[in-house]
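Structural features, examined
Here are the chains, one letter per residue:
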Amino acid sequence: MGKYTNYSMEVIDIDNKGYDAYKVAKYMLEKNNESEKFYAFQYNLRNFIENIDPRLKIDYALCLDSDEETKWYENEDEMLELSQEFPDVLFKLHGEGEESGDIWDKYFMNGKMQYCPAEIHIPEFDRNKLEGISQDNIEIDR
C-alpha cells in the first residue's frame, strides 16, 4: 500500500569538482516528462529550470522539496539511476514519513546507496538534572 512521505533532496559537491545544477535539474525534469520519474519534485524542477539562466555560468545549488506528502515507491531505483548519470556528486534524499519516527536519509553516489534511518535516543533518568520551582520564585496573587 505504501506510506505518504515528505521528501527533500540536496545535491552535494563532495569532492569540490563542481557540478552543473541546471543540467541535473533538466535531466530530472526530462525523465519526469517521459515517465513521471522524480514526480515528488516536478514543480520545484520546473521552477528551477524556468528561473535560472544557464548561460551565466553561475554555480547554483540544487535543493528540492516535495510540495506535499506523496508516495514515491521507486525513489531508490530512480535515485540510483540519477547517481549513475552524475557519478561525481552526492545526492542526499531526506524523508519524513507519516508514522512517528519514520525519518531517514538516503545517500546516492555513482549507482550506490547508503540508508541512514534516524536513531531516536531518550536519555536515562538523572536525579542531578531535576529542575523545580523554588519557593522564592513563586508569586502568590492576593
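Since this is a predicted model, take the numbers as computed values, not measurements.

Cut-offs and rules
- Residues numbered from 1 in each chain as written.
- Predicted model: local features only at pLDDT ≥ 70, side-chain atom pairs only at ≥ 80, totals over all residues.
- Heavy atoms only, no water.
- Helix = DSSP H or I, 4+ residues; strand = E, 2+ residues; numbered from the N terminus.
- Rg over C-alpha atoms; globule rule 2.2 N^0.38 Å.
- Contact = heavy atoms within 4.5 Å.
- Areas by Shrake-Rupley, 256 points an atom, 1.4 Å probe, with all protein chains shown as cover.
- Phe/Tyr/Trp six-rings, centres within 6.5 Å; stacked < 30°, edge-to-face > 60°.
- Buried < 20%, exposed > 50% of the residue type's maximum accessible area, 1.4 Å probe, protein only.
- Lys NZ or Arg CZ within 6 Å of the ring centre and 35° of its normal.
- Pairing = 2+ DSSP bridges.
- Salt bridge = Lys/Arg side-chain N within 4 Å of Asp/Glu carboxyl O.
- Expected span 1.5 Å × (residues − 1).
- Polar contact = N/O pair within 3.5 Å; in protein donor to acceptor, adjacent residues only side chain to side chain.

Some thoughts on the overall build of the chain
Along the backbone of the chain there are three helices and five strands. Taken from the N to the C terminus, the helices and strands of the chain come in the order β-α-α-β-α-β-β-β. Taken against the 2.2 N^0.38 rule, which gives 14 Å for 142 residues, the C-alpha radius of gyration of the chain at 22 Å runs more than 25% over that of a compact globule. Here the C-alpha coordinates of the chain stretch approximately 70 × 40 × 30 Å along the principal axes. Within the chain, counting contacts between residues at least 6 apart in sequence, those at least 24 apart form 61% of the total. Carbon and sulfur atoms make up 44% of the accessible area of the chain, which amounts to about 10,300 Å² in all.

A few points about the packing of aromatic side chains
Under the counting rule described, the total for this entry stands at seven aromatic pairs. Ring centres of Phe 41 and Trp 72 lie 5.6 Å apart, and the angle between their planes is 90°; on these two criteria the pair is classed as edge-to-face. Of this pair, Phe 41 sits in the loop between α1 (21–35) and α2 (42–51) while Trp 72 is found in the loop between β2 (63–65) and α3 (75–85), placing the two residues 31 residues apart along the sequence. Across this residue pair, the class does not change: Phe 41 and Trp 72 are buried. Centroid distance Phe 48 to Tyr 60: 6.2 Å. Interplanar angle 80°. Geometry classified as edge-to-face. With Phe 48 in helix α2 and Tyr 60 in the loop between α2 and β2, this residue pair connects regions lying twelve residues apart in the sequence. Through pairs of rings, three or more aromatic residues link up here, namely Tyr 7, Phe 38, Tyr 39, Phe 41, Trp 72 and Trp 104. Geometry around Trp 104 places Lys 106 over its ring, the cationic atom sitting 4.4 Å from the centre.

A short note on the pairing of strand β5 (residues 112–117)
Pairing of strand β4 (residues 103–109) with β5 involves six bridges; the strand directions are antiparallel. Across the sheet, the residue bridging to Met 109 is Lys 112, located in β5. Where β4 folds back onto β5 in an antiparallel hairpin, the turn is made up of two residues, including Asn 110, whose phi is positive at roughly 50°.

Here we look at the pattern of salt bridges
Under the counting rule described, the total for this entry stands at eight salt bridges. For the salt bridge of Asp 88 with Lys 17, the shortest nitrogen-to-oxygen distance reads 3.8 Å. Of the two residues, Asp 88 sits in the loop between α3 and β3 (90–97) while Lys 17 sits in the loop between β1 (5–12) and α1, which places them 71 residues apart along the sequence. The class for Asp 88 is partly exposed, based on a relative accessible area of 40%. Residue classification places Lys 17 among the exposed positions, given a relative accessible area of 54%.

Describing α1
Between its terminal C-alpha atoms α1 stretches 21 Å, which fits the 21 Å expected from 15 residues at 1.5 Å a residue. Among the residues of α1, those classed as buried are Ala 21, Tyr 22, Val 24, Ala 25, Tyr 27, Met 28, Leu 29, Lys 31 and Asn 32. Residues of α1 that are buried in the fold lie against β1, α2, β2, α3 and β3. The distance from a side-chain oxygen at the start of α1 to the backbone nitrogen of Tyr 22 is 3.1 Å, and the residue carrying that oxygen is Asp 20. Immediately downstream of α1, the backbone of Glu 36 shows phi near 60°, a positive value.

Interpretation note: all reported values are geometric properties and have no functional meaning in isolation.
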